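Structure assessment
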Amino acid sequence: MIAFRLAARELRGGVRGLRIVIACLALGVAAIAAVGSLREGIERGLQVEGRRLLGGDMEVQGGAQPLPAALRERLRARGAALSDVVQMRSMLVAPSGDRQLVELKAVDAAYPLVGETRTEPAGGLQTMLAERGALPGLVAEPLVLDRLGVKHGDSVRLGLVTFEVRGALLSEPDRVAAPTILGPRAMILASALPATGLVQPGSLLNYELRATLAPGDGVAAASAELRQAFPGEGFRIRSAAEGAPGVRRFVEQTSLFMTLVGLTALLVGGIGVATGVRAWLEARARTIATLRCLGASARLIFAVFLIQVLALALVAILIGVVVGAALPAGAVALFGDALPVPAQAGVYPRSLGLAAAYGLLTAAAFALWPLARAAQIPGAALFRDALLPERLRARPLWLGVNAVLAAALVALTVAASPEREFALWFCAAAAGTLLLFRLGGAAVMALARRAPHARVAWLRLGVANLYRPGSATPLMLVSLGLGLSTLAAVALIQGNLRRQVLEQLPAQAPTFYFIDIQNDQLDRFTQIVEALPGVSDLEDVPSLRARIVAVNGVPAEQVQATPETAWALWGDRGLTYSTTPPEGTKLVAGAWWAADYAGPPLVSFDANLARGWGVSVGDTIRVNVLGRDIDLRVASLRDIAWRSLSLNFTMVASPGLLARAPHTHLATLRVEPPGNEGAVLRAVTDALPNVSGIRVADVLSAVADLLGKISAALAATGSVTLVAGVLVLVGTVAAGQRRRMAEAVVLKTLGATRRQIRAAWLVEFGLIGACAGALAAVVGTLASWGVVRFVMRADWVFLPGVLSVTILGCIALMLAFGYAGTASALRAKAAPFLRNE
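What counts and what doesn't
- Residues numbered from 1 in each chain as written.
- Predicted model: local features only at pLDDT ≥ 70, side-chain atom pairs only at ≥ 80, totals over all residues.
- Heavy atoms only, no water.
- Helix = DSSP H or I, 4+ residues; strand = E, 2+ residues; numbered from the N terminus.
- Buried < 20%, exposed > 50% of the residue type's maximum accessible area, 1.4 Å probe, protein only.
- Contact = heavy atoms within 4.5 Å.
- Areas by Shrake-Rupley, 256 points an atom, 1.4 Å probe, with all protein chains shown as cover.
- Axes fitted to C-alpha atoms, helices over the stretch in contact; angles between N-to-C directions.
- Parallel < 35°, antiparallel > 145°, perpendicular 65-115°, else oblique.
- Left-handed = near helix turned anticlockwise from the far one by under 90°.
- Pairing = 2+ DSSP bridges.
- Salt bridge = Lys/Arg side-chain N within 4 Å of Asp/Glu carboxyl O.
- Polar contact = N/O pair within 3.5 Å; in protein donor to acceptor, adjacent residues only side chain to side chain.
- Nonpolar A, V, L, I, M, F, W, Y, C, P; charged D, E, K, R; others polar.
- Arc of directions from axis to C-beta.
- Phe/Tyr/Trp six-rings, centres within 6.5 Å; stacked < 30°, edge-to-face > 60°.

In terms of regular secondary structure, the protein chain is built from 24 helices and 21 strands. Per-residue burial over the protein chain gives 49% buried out of 837 residues. In the protein chain, once contacts between residues fewer than 6 apart in sequence are set aside, the share between residues at least 24 apart is 82%. With an accessible surface of roughly 37300 Å², the protein chain has 61% of that area assigned to carbon and sulfur atoms.

Set out below in structure tokens:
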């Protein structure tokens, strides 16, 4: 009880010295709590909105193959309500001749089964799309109408049919928010689609059937019946729980990254805890020494100050939890439209409790040693500890307890992460980074001690400050270096992404991709484009749509694929055939088939996907093409340079069986000089209305916009760690303020000018900043290399400009804090200070 009474009396005197501790812990806990709460809110949104996002209780995807009528009959027999949807890409043409690539959705009279579609003006989707005055209706996103310069009542052409624009499409219930890369949405009735001429054998389209089941009927039972009744069909069945697998994966990856950034901020905050607690104990050195001299045991001293630190840590954690719980609601209110699905606002105890546990373990792990150290120092030594720190060997008990706390923090991080191996690597990297900066601080002090003495007094004093007794050089390096390492890594990742996507594209990248060219249209297409001026480098390949049904006999839904390759098992994939390897092919395993090969179908497969699926040469991939299952034996694996933008496919099959299947062609070409693209697009799509042209520049512009948003989000997230480092830095400077005041008073008494003293301190801070920046550049480089190479599976390049900015920014930041921290110390009057001493 005496420990609690003494702790309460100490706390009545205020917590001025521990404000930085509270701020550091609260910041890290708030970041983790906010990320976790937002993730749970989105996941809850996926659960609540699963039926709406899917469009019903279940969805049957037929890919490019129409679904059989018998399938509908079986579902209707179970009492299900049905809605057919067809999705594809096409060109929408305005009366002016302007045209826009759109994601076209053709819906039936029952659409939507769940939710509602919002349009402007409001009036009911079916009414707006119905034929009126011999013209069917069309609605499109406002972006489409703006780009084409059309409005309500104007006419537009889609394929062979003229449609009347009935309004703007504001939202559709079954569309997950996503960036517009290939085209914004337009919608028509399915009954108007056949007359457009867009549906041709081999066209790139998707048939989908949505169903809401009768009360009491389960998705599992309905799916099992359909699979048993249609064993040879290539369609795929999804339930409402699987309404947005890509979104779920995106949310998991994003939240993992942001949580790890929050943990980094919390670790930096842990340094602040250690620094703040040590400075706070130094300010109470006389009190502790007096208690020790009066007979207080080391255990009592430890208990008193441990109670105080834990009480303040709990206050900080509570602040962080409250702020973290409130932040997602504010983010949803401000940026809800940018989220992939509506997040369900609320308080999520699991995420908040996890953040609180992180904060408590961090506070205990980093505060333990300063508390144990103060309790072990003899009473007389505490009077001189500020100037001549007592050298103590760590007791095995305290080392063991610290090790247990650190292990618990690592275990919690790994257990709570959706990707445990990645989280374990993060923990190892964090520990290595802390050790690196601590050793870096020791190295800086050793080098400064051995450096030749400068003739200039202020320079000599500045270097000596780096290794004086009680120097905070290691702490400053760690606190500032961790934050800058995170920012350097983020900046390098951003730079590599932008360089690969936008800056490293080949000079001869195609201007257009043309899709859905029918076999009997290929000659005419070739004649049209070759007759146009400025067109060159025309290439075309056959194109089929194939759905992967099984891999080595394992159904696609059950394949144990790595997270970054699982996407290829969803939906249709592109498939072509060729007697020769595509230009620039790099085989990493196996061999290409002979030009006259006429045996069972072979396939050359993407090596990256093969690694993710555990596929090797000789394995079998079963695909469904136009409703027929075909076994393709893997003959070779290729490393595909997708950045070349040349015609390439995940799967290139041997000719023979596939060459006789109905298919379309995909073509690329270049247009020079720039500015003639519109004429080429008009000439092709006017003559061949079912053919769609994708302008590469438009796609890259959309990608650049998306990358800009991602970069801003990464920078904002990474800055949390820098803010934590700045807080620790402020605390470290504040903790040494009394020491600097004493130093300034003595130096001024001995005749030093303010300019000389300030210059000496700026030398000290500048050298620490330069060393922290250099180490942060190394750590950030290694971290970005690991993320780009092993997480993003992309090429990495060293960007010295980014690192130079990081180092210069670090030095500028340290000089700013050095200047601000020395200003008040230089204003101290010598006589009052010496009298008080």
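So, next bit.
Before going further, it helps to examine the packing of helix 17 (residues 522-530) against helix 19 (residues 677-687). Close contact between helix 17 and helix 19 brings their axes to 10 Å; oriented N to C, the two are set at 155°. As judged from the angle between their axes, helix 17 and helix 19 are roughly antiparallel. In the crossing of helix 17 with helix 19, the sense of the turn from one axis to the other is right-handed. Listed contacts from helix 19 to Arg524, Phe525, Ile528 and Val529 of helix 17 are Ala683, Val684 and Ala687.

Counting buried positions over the nine residues of strand 3 (residues 99-107) gives nine, a clear majority of the element. Of the two faces of strand 3, both are covered, the one formed by Arg99, Leu101, Glu103, Lys105 and Val107 as well as the one formed by Gln100, Val102, Leu104 and Ala106. When strand 2 (residues 81-93) meets strand 3, the two strands line up antiparallel, connected through nine bridges. Paired with methionine 88 across the bridge in strand 3 is leucine 104. Following strand 2, the chain reverses through five residues before pairing antiparallel with strand 3; glycine 97 in that reversal takes a positive phi of roughly 95°. With five bridges connecting them, strand 3 and strand 8 (residues 185-189) associate as parallel partners. Looking at the pairing, valine 107 lines up with leucine 189 of strand 8.

The final tally for this structure, using the stated rule, is 19 salt bridges. Ionic pairing is found between glutamate 172 and arginine 185, a salt bridge with its closest N-O pair at 2.9 Å. Taken together, the residues span a long stretch of sequence, with glutamate 172 in the loop between strand 7 (161-171) and strand 8 and arginine 185 in strand 8 at a distance of 13 residues. Note on accessibility: glutamate 172 and arginine 185 belong to one class, buried. Residue arginine 210 is joined to aspartate 174 by a salt bridge in which the shortest nitrogen-to-oxygen separation is 2.6 Å. With a gap of 36 residues between them, arginine 210 in strand 9 (residues 205-212) and aspartate 174 in the loop between strand 7 and strand 8 connect regions that are remote in the sequence. Using a relative accessible area of 4% as the deciding quantity, one classes arginine 210 as buried. Residue classification places aspartate 174 among the buried positions, given a relative accessible area of 10%. Residues participating in the shared-partner salt-bridge network are Glu59, Lys105, Glu172, Asp174, Arg185, Glu208, Arg210 and Arg238.

A separate point is the side chain of serine 692. Here serine 692 is to be found in strand 21 (residues 692-695). Exposure remark for serine 692: the relative accessible area of 0% places this residue in the buried category. Looking at serine 692, its side chain comes within polar contact range of the main-chain oxygen of arginine 89, at 3.5 Å. The contact partners of serine 692, leaving out residues within four places of it in the chain, are Arg89, Ser90, Met91, Leu101, Tyr513, Phe514 and Ile515.

Let's shift gears to the environment of glycine 553. Looking at where glycine 553 falls in the secondary structure, it is placed in the loop between strand 12 (535-551) and strand 13 (554-555). Relative accessible area serves as the criterion here: at 67%, glycine 553 is assigned to the exposed category. C-alpha separation for the pair glycine 553 and aspartate 631, spaced 78 residues apart in sequence, amounts to 9.9 Å.

Another aspect to go through is unusual backbone geometry. In the segment running from tyrosine 111 into proline 112, the intervening peptide bond is cis, with an omega of -10°. Even without glycine at this site, aspartate 516 takes up a positive phi of about 65°. Mapped onto the secondary structure, aspartate 516 falls in strand 11 (residues 512-518). The phi dihedral of asparagine 552 is positive, around 55°, even though this residue is not glycine. The class for asparagine 552 is partly exposed, based on a relative accessible area of 40%.

We now examine the packing of helix 13 (residues 396-416) against helix 14 (residues 420-450). The geometry of helix 13 relative to helix 14 is characterised by a closest axis approach of 8 Å and an angle of 150° between their N-to-C directions. If you check the angle between helix 13 and helix 14, you find them roughly antiparallel. When you trace helix 13 past helix 14, the crossing you get is right-handed. Residues Val410, Thr413, Val414 and Ala415 of helix 13 lie in contact with helix 14, whose contacting residues are Arg420, Ala423, Leu424 and Cys427. Here the residues of the contact of helix 13 with helix 14 are counted per class, giving six nonpolar, one polar and one charged.

This part takes up helix 4 (residues 69-77). Along helix 4, the residues that are buried comprise Leu71, Arg72 and Leu75. Down the axis of helix 4, the buried side of the element spans an arc of 95°, and every buried residue falls inside it. Exposed positions of helix 4 whose direction lies more than 90 degrees from the buried face are Glu73 and Ala77. In this structure, the buried residues of helix 4 make contact with strand 1 (58-63), strand 2, strand 9 and helix 7 (219-229). The positive-phi residue at the C-terminal boundary of helix 4 is glycine 79, with phi of around 85°.

The subject of this paragraph is the packing of aromatic side chains. Across all of its chains, the model carries five aromatic pairs by this definition. Between phenylalanine 514 and phenylalanine 525 the ring centres are 5.4 Å apart and the planes differ by 65°, which places this aromatic pair in the edge-to-face class. Within this pair, whereas phenylalanine 514 is found in strand 11, its partner phenylalanine 525 is found in helix 17, the two being separated by 11 residues in sequence. The exposure class of phenylalanine 514 is buried, given its relative accessible area of 0%. Judged by relative accessible area, phenylalanine 525 falls into the buried class, the value being 1%. Through successive ring pairs, a cluster of aromatic residues spans Phe512, Phe514 and Phe525.

Read these as geometric descriptors, not functional statements.
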